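# What the coordinates show
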Amino acid sequence: NKKGFIFDLDGVIVDTAKYHFLAWQKLAKSIGIDFSHEQNEQLKGVSRVKSLEKILTWGNKTISEDKFNALMASKNDDYLSFIAKMNHNEILPDVPKVLNYLKEQDQPISLGSASKNARQILEKVDLLKQFDAIVDGNDVSKAKPDPEVFLVAAKALNIKPEECIVFEDSVAGVQAANTANMISIGIGEQNVLHEADYVFSDFTEIDTAFIDKLIKR
Ligand code: G16
Ligand code: MG
């Protein structure tokens, strides 16, 4: 019995939101916009282009297309300088335990992330080889809550969408999984992720009995 296990990256496997925050904050400051942690929360799971559009809206700023592209490029350069220093210690608690157990049970595993830097990040934290497929911001055109990223991941694993399970930390990601007819597992706070089929605060709360149940469903 094979299911497709699909993992979001930022907020599920690693906490790269803190690096996105530093890079977006520097960018915002350079054009005279204040940028808070609360605003950064709203950029979780949101694509790079959409994120910059939101920051400009919050700051009441309009800029040329050339400037927009230049800002995106420098934000990504800053972000990548943080990524370059990452190692396996940045993997969130018990993620390797769950990935290893799924591998032992011969279950197909895919990434389903909005990030265009996903492959690089997985390589840095030494998890690239755990994934049978990687679907990221380079493979899709529609952002979560559109289900595209997870539907492409299901196809890549050759598993029907209704036989897939998605681990997500963002509301938009949970909605995308639900729309794709997949089982959604929220990683974070119950009150935020209440649309998910199950919510856990992190992977330390997920035991092998629960995973067995998902496989047998
Ligand atoms: C991640 C982050 C978002 C980020 C997006 C695009 O999504 O949560 O904050 O804006 O990727 O990242 P990049 O600029 O690296 O292409 P996910 O889907 O992994 O949670
Ligand atoms: Mg996420």
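Residues numbered from 1 in each chain as written. Chains lettered and ligands numbered in written order. Predicted model: local features only at pLDDT ≥ 70, side-chain atom pairs only at ≥ 80, totals over all residues.

Going by this rule: UniProt positions are given in the numbering used here, feature names are shortened, and annotations may be inferred rather than shown by experiment.
The protein is annotated in an unreviewed UniProt entry as Beta-phosphoglucomutase of Mesoflavibacter profundi. Here the protein is described in UniProt, under the heading Sequence similarities (unreviewed entry), as follows: "Belongs to the HAD-like hydrolase superfamily. CbbY/CbbZ/Gph/YieH family."

## Observations regarding the environment of F68
Filter applied, for reference: A run of H or I in DSSP becomes a helix once it reaches four residues, and a run of E becomes a strand once it reaches two; helices and strands are each numbered from the N terminus. Burial is judged by counting the other C-beta atoms within 10 Å of a residue's own C-beta: 20 or more makes it buried, 12 or fewer makes it exposed, and any count in between marks it as partly exposed, with every C-beta position built from the backbone. Our contact criterion uses C-beta atoms placed from the backbone: two residues qualify when those atoms are within 7 Å.
By the secondary structure assignment, F68 is in helix α4 (residues 65-83). Using a count of 15 C-beta atoms within 10 Å as the deciding quantity, one classes F68 as partly exposed. Residues F68 and A133, spaced 65 residues apart in sequence, show a C-alpha to C-alpha distance of 32 Å. When sequence neighbours within four positions are dropped, the list of residues in contact with F68 reads L52 and I63.

## Digging into the pairing of strand β2 (residues 109-112)
Basically, it comes down to this: At least two DSSP bridges between two strands are needed for those strands to be called paired. Seen with its strands pointing away from the viewer, a crossover is right-handed if its path from the first strand over the helix to the second goes clockwise.
Going residue by residue along β2, you find I109 and L111 tucked away on one face and S110 and G112 tucked away on the opposite face as well. As defined by bridge partners, strand β1 (residues 4-7) adjoins β2 across 3 bridges and the pair is classed as parallel. From the neighbouring strand, I6 faces β2, where its bridge partner is S110. Note: β2 against strand β3 (residues 133-135), 3 bridges, orientation parallel. Opposite L111, over in β3, you have I134 as the bridge partner. Read from β2 through helix α6 (residues 118-124) to β3, the crossover connection turns out right-handed.

## A closer look at the sheet that holds strand β5 (residues 183-187)
Note the following rule: To get an axis, fit a line to the C-alpha atoms, keeping to the stretch in contact for a helix; angles then go from 0 to 180 degrees between the N-to-C directions.
If you walk across this open sheet you meet the 6 strands as β3-β2-β1-β4-β5-β6, and the pairing is parallel. Strands at the two margins of the open sheet, each flanked by one partner only, are β3 and β6 (198-200). Neighbour to neighbour, the strand axes of the sheet diverge by 20° on average, direction disregarded. By the bridge criterion, 4 bridges tie strand β4 (residues 164-168) to β5 in an arrangement that is parallel. Looking across to β5, one finds that E168 is bridged to G186.

## Concerning the packing of helix α1 (residues 17-30) against α4
Stated precisely, the cut-off is as follows: Crossing handedness: left-handed means the near helix sits turned counterclockwise from the far one by under a right angle, and right-handed means the same turn made clockwise. Note on residue classes: Ala, Val, Leu, Ile, Met, Phe, Trp, Tyr, Cys and Pro are nonpolar, Asp, Glu, Lys and Arg are charged, and everything else, Gly too, is polar.
Their axes nearest at 9 Å, the elements α1 and α4 cross at an angle of 145°. Both α1 and α4 take part in a crossing whose hand is right-handed. Within the contact between the two elements, α1 uses Y19, H20, L22, A23, W24, K26 and L27 and α4 uses L71, S74, K75, D78, Y79, F82 and I83. In the contact of α1 with α4, the residues fall into 9 nonpolar, 2 polar and 3 charged.

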